[in-house]
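# Summary of the model geometry
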Amino acid sequence: MNAPILRTALITGVVIAAVNILFAALDYGLDTLPPWFYLAQLLLLPAMLLPIRYFPQAAVTREFLPRAALYAMGWAVPYAIYKFAHDALSPAFTPAASLASYLITVALFSMLFAAIRKPVR
């Protein structure tokens, strides 16, 4: 893995963690966020590093469904950490609803990315 991709993955992980902390603080208050929530945000760093290889591969894949699957695999773990950590803070948290929302969002965004970012013929 080359340095620019590694740097991009780390910066993206830090930005996603910061945004999640900001949104959770706006929803629940910064002083009420539990320590496990902050620790879960640290998981975003390896979660961005491990699947980063899927994005360049998706960018050159010509068929729509394999390209969408690569985008879905690239965003699946980082988005899961982002979504489930924030959802678990809610007193009305239901795992089934959160999982269904997660799966629908990943499917929609992967198809959107695959449609927008198709390779040049």
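Here the structure is a predicted model, which means the values were calculated and not measured. (Residues numbered from 1 in each chain as written. Predicted model: local features only at pLDDT ≥ 70, side-chain atom pairs only at ≥ 80, totals over all residues. Heavy atoms only, no water.)

## Quick notes on the nonpolar core
In terms of nonpolar packing, the biggest core is built from 15 residues, with L44 and Y71 touching the most fellow members. Going through the elements one at a time, α1 (3–28), α3 (44–49), α4 (54–60) and α5 (64–87) are the ones with two or more residues in this core. If one sorts the elements of this core by residue count, α5 sits on top with 4 residues. Among all residues touching Y71, those that are not within four sequence positions of it are F55, A58, A59, S110, F113, A114 and R117. L33, F37, A40 and A85 belong to the second-largest nonpolar core, a separate cluster that totals 6 residues. (Core = buried A, V, L, I, M, F, W, Y, C linked by side-chain atoms within 4.5 Å. Buried < 20%, exposed > 50% of the residue type's maximum accessible area, 1.4 Å probe, protein only. Helix = DSSP H or I, 4+ residues; strand = E, 2+ residues; numbered from the N terminus. Contact = heavy atoms within 4.5 Å.)

## Section: the packing of aromatic side chains
According to the stated counting rule, one finds 8 aromatic pairs in the structure shown. On the numbers, 6.2 Å between centres and 80° between planes, the contact of W36 with F37 is edge-to-face. Overall, W36 belongs to the partly exposed group, its relative accessible area being 40%. When the centroid spacing of 5.7 Å and the interplanar angle of 15° are considered together, the rings of Y79 and Y102 count as stacked. Placement of the pair is Y79 in helix α5 and Y102 in helix α6 (residues 95–116), with a sequence separation of 23 residues. (Phe/Tyr/Trp six-rings, centres within 6.5 Å; stacked < 30°, edge-to-face > 60°.)

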